[in-house]
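For reference, the chains in residue letters:
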Amino acid sequence: MRNILFAVAILLAGLGISSPYHFQLLTFIGIHTLLALGLNMLMGYAGQISLGHAAFYGIGAYTTAILTAHFNWSPWLALPAALFLAVLIAFLVALPMLKLSGYYLGMGTLGFGMITYVLIREWSGFTGGDSGLVGIPPLEIGPVSLSSGRACFYVVWGTVVLGFIVCERLVNSRVGRALRAIHDSEQAACAMGINTAQLKISVFMLSAFLAALAGFLYAHLVSFISPNTFDFLTSIRIVTMVVIGGMASIWGSLLGATLITLLPEWLHIFSDYEMVVYGLVLMVIMIFLPQGLTRGLLDIYERSKRRAGVPSTTAKG
Amino acid sequence: MSDRNAELGSLPPLLRVESVSKAFGGIQALHEVSFEVAPGTIHAVIGPNGAGKTTLFNIITGAYPPDEGGVVYAQQEVRGRKVHELVSLGIARTFQNVELFGNMSVLENVLVGQHVRTRCGFLGAIVRGPWVRREERQMREYSMELLEFVGLDGVADHRSSDLPFGWQRFLEIARALATRPHLLLLDEPASGLNAVETHRLGELLEEIRKRGVTLVLVEHDMSLTMGISDRILVLHQGKKLAEGTPREIQANEAVISAYLGKE
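Residues numbered from 1 in each chain as written. Chains lettered and ligands numbered in written order. Predicted model: local features only at pLDDT ≥ 70, side-chain atom pairs only at ≥ 80, totals over all residues. Heavy atoms only, no water.

**Q** Explain the overall build of chain A to me, and be specific about the residues and the numbers.
**A** Helices and strands together make up the secondary structure of chain A, namely 14 helices and 4 strands. Radius of gyration (C-alpha) of chain A: 20 Å, near the 20 Å computed for a compact globule of 317 residues. Dimensions of chain A along its principal axes, counting C-alpha atoms only, are 60 × 50 × 45 Å. By the burial criterion, 52% of the 317 residues in chain A qualify as buried. Of the contacts formed within chain A by residues at least 6 apart in sequence, a portion of 77% connects residues at least 24 apart. When the accessible surface of chain A is totalled, it reaches about 14,500 Å², and 70% of it is carbon and sulfur. Charged side chains of chain A number 16 positive and 12 negative; the gap between the two group centres comes to 15 Å. (Helix = DSSP H or I, 4+ residues; strand = E, 2+ residues; numbered from the N terminus. Rg over C-alpha atoms; globule rule 2.2 N^0.38 Å. Buried < 20%, exposed > 50% of the residue type's maximum accessible area, 1.4 Å probe, protein only. Contact = heavy atoms within 4.5 Å. Areas by Shrake-Rupley, 256 points an atom, 1.4 Å probe, with all protein chains shown as cover. Lys, Arg positive; Asp, Glu negative; His and termini not counted. Charge placed at Lys NZ, Arg CZ, Asp CG, Glu CD.)

Below, the structure is given as structure tokens:
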């Protein structure tokens, strides 16, 4: 039901907006939502941190860019190749890495992200190095080119809706419950017969899949990519989106991605002090809403309802 | 109770621990401990703190392997098997300090318990076909049955960490039963319970045994242990001090001096 409302809202927004600037902004929010959604499955639900998620974003973008711009593949053929490569690399990385936990897993994934970034930058024969890779063709469905602002908007947000449906179904299934169980107590999850090692690898692959999908869309919508989009700061920004939006909340990914994408746009008026205000906003949110925007706003809503004399729906045991 | 012992004595044991030893650093936690558990019985393991009871549990459930000796469950050597494999073979456990999934509801905790008895994976969950929906419905029905059995069906939708401590213990038992175990290991199930709850626990364990589940419990509460156990194993400083029926243990000189205290 919520997803249908969401889809309708997207449809109406697409019809109502005409400014190319707004379309571009919303398209980026959509791509960031996909990134945050993938990381939220790993971090929020399974409780495993990744500080190198931009690597999978980059692998998705560069694989499709190289295949389409250098080798003239159709983007629709490059898509499965990009996704497969990202998931395969995720599997190989996760195999030794997810034996680590906490800070150590953070350091490990951080290293992986940096290695990928350096490879992209230095392997200039393929990737164009620092000067970037140009001439990535736009997506096409038959004769229709999806290069207009509105088309990009619909492609990206259609993917986001699909991503939401998939993740929501997962979270409320046997697999999703097992993931949340690992987050709460890995020892008890083991004692319930959950193969925690295998499940952690699977969810790492899922989050890499979503990041690579976001990278694929990004490459074809922007038609030019350069290494800086996939650096360490991007990884941190994705983590921030998840934490600010709300861990273990699918809609939190949308809120977090929206805020982190819009904030720099709004803060232009502070010119030189932009980054200072940006940091302050994040600090204030974390101090007053430590559970993230979704949980925090819901709590405020429930508290105001209680103050108005309406009995709360959440029972306490 | 002695009748039951005689009657079950002819069956092969469900669990056989064969001279198991385990050391942590320089500390010998267990030293050549052997015992057998007949199917359909309640077996208690007692001993002062540091006697090696929890170590014994962790070895039986596969949390770590013994340094020496072996564990035979249902006629097969299970030494070196992983925890989650042993759960699917039918060994379940509860924890001394209660390890619930605190952010999940009471019902969801029991649903997770059925993980090894169900099979919906990533693809199944995403497609959510008819068999997945049927499996999910059956899981929920069985979970509610178990919650009713332990008396928690009224709070199925509450967050498990919001429950009073005693109820959390009962929820942990329901969750362990959800794995459909043949052998259930309970680590100090009565600790933290009041007298009424301990009495209710005793009745519950009897009912679980009647359903065909073999029970091994580590316990400090003597009235509970003596009342419901068929056999008792006494550990002292990692060694087996005595083994026998509750009456034999109560009369055992070595046990009285080492554990119950000399008059």
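**Q** Give a detailed account of the confidence of the model for chain B, specifying residues and quantitative values.
**A** Low-pLDDT stretches of the model should not have their predicted coordinates read in fine detail. In the predicted model, chain B carries a mean pLDDT of 90, and the fraction of residues at 70 or more is 94%. Put simply, helix H1 (residues 2–8) of chain B is where chain B has its lowest mean pLDDT, 51, and helix H4 (residues 106–113) of chain B is where it has its highest, 96. (pLDDT = per-residue confidence, 0-100.)

**Q** Kindly report on the domain arrangement of chain B, identifying the contributing residues and their values.
**A** Reports of interface size often rely on the accessible area that becomes lost once the parts have come together. All names here are of chain B. Once the domains are mapped, chain B shows domain 1 (1–90 + 182–263) and domain 2 (103–180). Each of domain 1 and domain 2 was reduced to a C-alpha centroid, and the two centroids are 27 Å apart. When the buried surface of domain 1 facing domain 2 is broken down by residue, Val 87, Leu 204 and Arg 211 rank first, second and third, together holding 28% of it. On inspection of domain 1 and its partner domain 2, the count reaches 0 salt bridges. Where domain 1 touches domain 2, the interface holds 5 residue pairs in polar contact (both at pLDDT 80 or more). When contributions to the side of domain 1 that touches domain 2 are tallied by element, the ones reaching two or more residues are helix H3 (83–89), strand S7 (183–187) and helix H8 (195–210). Per-class residue counts for the side of domain 1 that touches domain 2 are 8 nonpolar, 6 polar and 6 charged. (Domains from an automatic or database assignment. Buried area = accessible area lost by both parts, 1.4 Å probe. Salt bridge = Lys/Arg side-chain N within 4 Å of Asp/Glu carboxyl O. Polar contact = N/O pair within 3.5 Å; in protein donor to acceptor, adjacent residues only side chain to side chain. Nonpolar A, V, L, I, M, F, W, Y, C, P; charged D, E, K, R; others polar.)

**Q** Help me get a handle on the sheet that holds strand S5 (residues 76–77) of chain B, residues and values and all.
**A** Residues and elements named next belong to chain B. Read from one edge of the open sheet, 4 strands run S2-S1-S4-S5, paired in antiparallel fashion. Lying at the two open borders of the sheet, with one neighbouring strand each, are strand S2 (27–37) and S5. In the packing of helix H2 (residues 53–60) onto the sheet, contacts are made with strand S1 (15–24), S2 and strand S4 (68–73), and the angle to S1 comes to roughly 115 degrees. (Pairing = 2+ DSSP bridges. Axes fitted to C-alpha atoms, helices over the stretch in contact; angles between N-to-C directions.)

**Q** Help me get a handle on helix H11 (residues 232–245) of chain A, residues and values and all.
**A** Residues and elements named next belong to chain A. Compared with the 20 Å implied by 1.5 Å per residue over 14 residues, the 20 Å span of H11 between its first and last C-alpha is a close match. Restricting attention to buried positions, one finds in H11 the residues Thr 234, Ser 235, Ile 238, Val 239, Thr 240, Met 241, Val 242, Ile 244 and Gly 245. Looking at the buried positions of H11, the neighbouring elements they touch are helix H2 (20–45), helix H3 (54–70), helix H12 (250–266), helix H13 (274–288) and helix H14 (293–307). Positioned one or two residues after H11, Gly 246 has a phi angle of 135 degrees, which is positive. (Expected span 1.5 Å × (residues − 1).)

**Q** Explain the pairing of S7(B) residue by residue, including any values.
**A** Residue and element names in this part refer to chain B. Within S7, 5 of the 5 residues are buried, leaving the element largely enclosed by the surrounding structure. Residues Leu 183, Leu 185 and Asp 187 line one face of S7 and the alternating positions Leu 184 and Leu 186 line the opposite face, and both faces are buried. Here 3 bridges tie strand S6 (residues 91–93) to S7, and the two strands are oriented parallel to one another. Across the sheet, residue Arg 93 finds its bridge partner in S7, namely Leu 185. Pairing geometry for S7 and strand S8 (residues 214–218), over 5 bridges, is parallel. By the bridge assignment for S8, Leu 183 is matched with Thr 214. In the classification by handedness, the crossover that spans S7, the intervening H8 and the parallel S8 is right-handed. (Right-handed = clockwise from strand over helix to strand, strands pointing away.)

**Q** Please give an account of unusual backbone geometry that cites residues and values.
**A** Positive phi, normally seen in glycine, also occurs at A:Ala248, with a value near 55 degrees. Judged by relative accessible area, A:Ala248 falls into the partly exposed class, the value being 37%. Of note in this structure, B:Glu32 is not a glycine but carries a positive phi near 45 degrees. Residue placement: B:Glu32 occurs in strand S2.

**Q** Report on the packing of aromatic side chains, specifying residues and quantitative values.
**A** To describe a pair of aromatic rings, one takes the distance between the centres and the angle between the planes. Under the definition given, this model contains 18 aromatic pairs over all chains. Look at A:Tyr57 and A:Tyr218: their rings are 5.8 Å apart centre to centre, the planes differ by 55 degrees, and that puts the pair in the tilted class. Residue A:Tyr57 is located in helix H3, and its partner A:Tyr218 is located in helix H10 (residues 196–222); the two are separated by 161 residues in the primary sequence. A relative accessible area of 3% places A:Tyr57 in the buried class. In this structure A:Tyr218 comes out as buried when scored by relative accessible area, which is 11%. One aromatic cluster in this structure is built from A:Phe6, A:Phe23, A:Phe153, A:Tyr154, A:Trp157, A:Phe164 and A:Trp251. Between B:Arg119 and the ring centre of B:Trp131, over which it is positioned, the NZ or CZ distance is 4.4 Å. (Phe/Tyr/Trp six-rings, centres within 6.5 Å; stacked < 30°, edge-to-face > 60°. Lys NZ or Arg CZ within 6 Å of the ring centre and 35° of its normal.)

**Q** Can you break down the nonpolar core residue by residue, with the values?
**A** Of all hydrophobic cores here, the largest spans 107 residues; its most connected members are A:Phe6, A:Met41, A:Phe56, A:Trp157, A:Phe204, A:Ile225 and B:Phe101. Looking at which element gives the most residues to this core, the answer is H10(A), with 16 residues. Apart from the residues within four sequence positions on either side, A:Trp157 is in contact with A:Phe6, A:Ile10, A:Leu26, A:Thr27, A:Ile29, A:Gly30, A:Thr33 and A:Leu254. Core analysis: the second largest hydrophobic core is formed by 38 residues, B:Leu100, B:Val106, B:Leu215 and B:Ile228 among them. (Core = buried A, V, L, I, M, F, W, Y, C linked by side-chain atoms within 4.5 Å.)

**Q** Talk me through the packing of H2(A) against H10(A); I want residue IDs and the actual numbers.
**A** Residues and elements named next belong to chain A. As a packed pair, H2 and H10 sit with axes 7 Å apart at the nearest point and diverge in direction by 170 degrees. Comparing their axes, H10 and H2 come out roughly antiparallel. For the pair H2 and H10, the contacting residues are Thr 27, Phe 28, Ile 31, Leu 34, Leu 35, Leu 37, Gly 38, Leu 39, Met 41 and Leu 42 in the first and Val 203, Phe 204, Leu 206, Ser 207, Leu 210, Ala 211, Ala 214, Leu 217, Tyr 218, Leu 221 and Val 222 in the second. Its residues assigned to classes, the contact of H2 with H10 shows 18 nonpolar, 3 polar and no charged. (Parallel < 35°, antiparallel > 145°, perpendicular 65-115°, else oblique.)

**Q** Give a detailed account of the state of the cysteines, specifying residues and quantitative values.
**A** Each disulfide consists of a covalent bond between the sulfur atoms of two cysteine residues. Tallied over the entire structure, the rule returns 0 disulfides over all chains. Cysteine A:Cys167 remains unbridged, with the sulfur of B:Cys120 as its closest cysteine sulfur at 14 Å. On the basis of relative accessible area, A:Cys167 is assigned to the buried category, the value being 1%. (Disulfide = S-S within 2.5 Å.)

**Q** Could you give an account of the interface of chain B and chain A, naming the residues involved and the relevant values?
**A** With 34 residues of chain B in contact, the opposing surface of chain A contributes 29 residues. For the chain B and chain A pair, buried surface summed over both sides reaches about 2,900 Å², with 62% attributable to carbon and sulfur atoms. Among the residues of chain B in contact with chain A, B:His84, B:His115 and B:Phe122 are the three that bury the most area, contributing 23% of the side total. Across the pair A:Arg177 and B:Glu136 runs a salt bridge, and its minimum N-O distance is 2.8 Å. Here chain B is connected to chain A by 11 residue pairs in polar contact (both at pLDDT 80 or more). Among the elements of the structure, H3, H4, helix H5 (122–127) and helix H6 (130–150) of chain B are those that each provide at least two residues to the side of chain B that touches chain A.

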